[in-house]
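Structural description and commentary
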Amino acid sequence: MDIRRIMETVNMIDNENLDLRTTTMGISLLDCIDSDSDRACQKIYDKITTKAENLVKVAKDLETEYGIPIANKRITVTPIALIAAASGDKDYVKYAITLDKAAKAVGVDLIGGFSALVHKGYQSGDRVLIESIPQALAETERVCASVNVGSTRSGINMDAVAQMGDIVIQNEKINPLQNGNLVIFCNAVEDNPFMAGGFHGVGEADVALNVGVSGPGVVKTALEKVRGESMDVVAETIKQTAFKVTRMGQLVGQEASKRLGVDFGIVDLSLAPTPAQGDSVANILEEIGLESVGTHGTTAALAMLNDAVKKGGIMACSHVGGLSGAFIPESEDAGMIAAAEKGILTVDKLEAMTAVCSVGLDMIAVPGDTPSETISAMIADEAAIGMINNKTTAVRVIPVPGKDVGDSIEFGGLFGYAPIMPVHKESSAKMIHRGGRIPAPVHSFKN
């Protein structure tokens, strides 16, 4: 055993905010389908509490044995719209409450999968689930919801895009923080261990253990040692650092899977920031040479960062999945928050950055009087970026009642806080009210 490498990892944990961001158990609920919703919910509760009974214990044991912090323990399940459709219920709030009770019983932080996949159209349970989201999130603490409204292969469901703008506004009226637990996707992936967009896809194993690694602080520290070097050196440094971080994630994931007796799924290579000082994707971009994230050159630097992280990760682990890359939330990242407060980082610039990174407009706080059609138009723009570029994009936008540009909202915990960002005042309503579908791009036909 190389003592130098051991000490290097210890230093990353102690001084550079290195952690395993999440261990997430994916659980299929397909065998819980029942026309009686009470029986279905009992089956769901029983399966989750049985399969995930030891998830938190195993994660804590590994933290102690390896000295590696595991920030979150989570569960994802099959999209509930697929499970609840057989019941004929008029709303699916009871399913969300069941998920919440099961999550509390096993001690996980969050549970994802109150979800619907409507990228090509609505099935029987989809509309009911989407209409249930505001009340479901209001009556639960740990449940996360997501809706996939587009894909490269099918185009964008603009009826769903319009509906999701309305759902965001309904959440705002109940509690704006609910929108932190709702993600609207294009090209959603089936093995995403990160919340709020995680769900367990129908192509996954019955039960699987996925892990999400992080480490913005580790990358930033590594780049401090190559100041003034060429971009080739910068990319190589990021790649080597991502390799080390991913190896750690694979070690913990495989050992956790073995102890739990379930399949090992994937390692998600995402750089996920936190409000902690030094744990910022924005600071990495500034270390590369930008005076502030959001200025000219930001998109190029982010593209290089994202690519280098993936290159290092796939050399370290054969089973890479999820989103993998760099998250750029407006909140959660101290550097992003500072740039937004100065007006350097705007929604338009964030949108451009989403073309080259893992996700999309994430945890964006906007004025409380923003119309639902404007929210829908933001969703449509992000879905278009995902559709054309054959990548996952997402929107987690939070209108805040009574707040305007210059104000801020406090989320607390890992979410931090966010300054209210300006959005364009010009209306998109006529476009959104057209409905229908934006056809898939020509490169979608690959058979």
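Looking at an unreviewed UniProt entry, one finds the chain named UPF0210 protein FYJ62_05730 and attributed to Lactobacillus porci. Reading the Subunit (unreviewed entry) entry of the UniProt record for the chain gives the comment "Homodimer." The UniProt entry for the chain carries this comment under Sequence similarities (unreviewed entry): "Belongs to the UPF0210 family."

The next point concerns the nonpolar core. Membership of the largest hydrophobic core comes to 116 residues, with the highest contact counts inside it found for I48, I75, F114, I133, M164 and L305. Looking at which element gives the most residues to this core, the answer is helix α9 (residues 231-260), with eight residues. Setting aside residues no more than four positions away along its own chain, I133 makes contact with F114, A145, V147, M164, I167, N171 and L182.

This part takes up α9. Relative to the 44 Å expected for 30 residues at 1.5 Å per residue, α9 spans 43 Å between its end C-alpha atoms, a close match to the ideal helical length. Of the residues flanking the end of α9, it is G261, one or two places downstream, whose phi is positive at about 70°.

Judged by side-chain polarity, L30, I33, L82 and V202 come together as a nonpolar surface patch covering roughly 300 Å² of accessible area. Note that V202 resides in the loop between β6 (182-186) and β7 (207-213).

This part is about the environment of I83. Secondary-structure assignment places I83 in helix α4 (residues 80-84). Relative accessible area serves as the criterion here: at 0%, I83 is assigned to the buried category. When the C-alpha positions of I83 and D31 are compared, they lie 8.9 Å apart, and in sequence the two are 52 residues distant. Sequence-distant contacts of I83, defined by excluding residues within four places in its chain, comprise L29, L30, I33, I44 and T78.

Summed over all chains, the structure comprises three cavities of 30 Å³ or more. There is about 120 Å³ of room inside the largest cavity. Along its surface, the largest cavity is lined by 16 residues, and V183, F327, V359, D362 and A394 are the ones closest to its centre. In terms of residue count, the dominant contributor to the lining of the largest cavity is strand β10 (residues 393-400) (three residues). A per-class count over the lining of the largest cavity returns eleven nonpolar, three polar and two charged. Put simply, the second largest cavity is a space of about 50 Å³. Lining the second largest cavity, in full, are V213, S214, V219, A242, V245, T246, L269, L271 and V309. A per-element tally of the lining of the second largest cavity places α9 first, with three residues. Considering only residue class, the lining of the second largest cavity consists of seven nonpolar, two polar and no charged.

Residue A196 is reached from M195 by a cis peptide bond, and omega for that bond is 20°. We note that M363 has phi near 55°; this positive angle belongs to a residue other than glycine. Relative to the assigned elements, M363 resides in strand β9 (residues 361-367). Judged by its relative accessible area of 0%, M363 is buried. Of note in the backbone geometry, N390 takes a positive phi value of approximately 55° without being a glycine.

Here helix α2 (residues 37-51) crosses helix α5 (residues 93-106) at 20°, and the two axes come no closer than 9 Å. The angle between α2 and α5 places the two elements in the roughly parallel class. When you trace α2 past α5, the crossing you get is right-handed. Contacts between α2 and α5 involve S37, D38, A40, C41, I44, Y45, I48 and T49 on the former and, on the latter, K94, Y95, T98, L99, K101, A102, A105 and V106. Taken together, the residues of the contact of α2 with α5 break down into ten nonpolar, three polar and three charged.

The element β6 is extensively covered by neighbouring structure, given that five of its five residues are classed as buried. Across the two faces of β6 the burial is the same, with L182, I184 and C186 and V183 and F185 all buried. Looking at chain direction, strand β4 (residues 143-151) and β6 are connected through five bridges and run parallel. What sits directly across from S146, in β6, is V183. Bridge count for β6 against β10 is three bridges, and the pairing is antiparallel. Along β10, the bridge assignment pairs F185 with A394.

What counts, and at which threshold
Residues numbered from 1 in each chain as written. Predicted model: local features only at pLDDT ≥ 70, side-chain atom pairs only at ≥ 80, totals over all residues. Heavy atoms only, no water. UniProt positions renumbered as here; feature names shortened; annotations may be inferred. Core = buried A, V, L, I, M, F, W, Y, C linked by side-chain atoms within 4.5 Å. Buried < 20%, exposed > 50% of the residue type's maximum accessible area, 1.4 Å probe, protein only. Helix = DSSP H or I, 4+ residues; strand = E, 2+ residues; numbered from the N terminus. Contact = heavy atoms within 4.5 Å. Expected span 1.5 Å × (residues − 1). Patch = residues over 30% accessible without salt bridge, like charges linked within 9 Å, V, L, I, M, F, W, Y side chains within 5 Å. Areas by Shrake-Rupley, 256 points an atom, 1.4 Å probe, with all protein chains shown as cover. Salt bridge = Lys/Arg side-chain N within 4 Å of Asp/Glu carboxyl O. 1 Å grid on protein atoms, 1.4 Å probe; cavity = no way out; pocket = protein on both sides within 12 Å on 5 of 7 lines; lining within 4 Å. Points joined across faces, edges and corners; volume = space filled by probe spheres on them. Nonpolar A, V, L, I, M, F, W, Y, C, P; charged D, E, K, R; others polar. Axes fitted to C-alpha atoms, helices over the stretch in contact; angles between N-to-C directions. Parallel < 35°, antiparallel > 145°, perpendicular 65-115°, else oblique. Left-handed = near helix turned anticlockwise from the far one by under 90°. Pairing = 2+ DSSP bridges.

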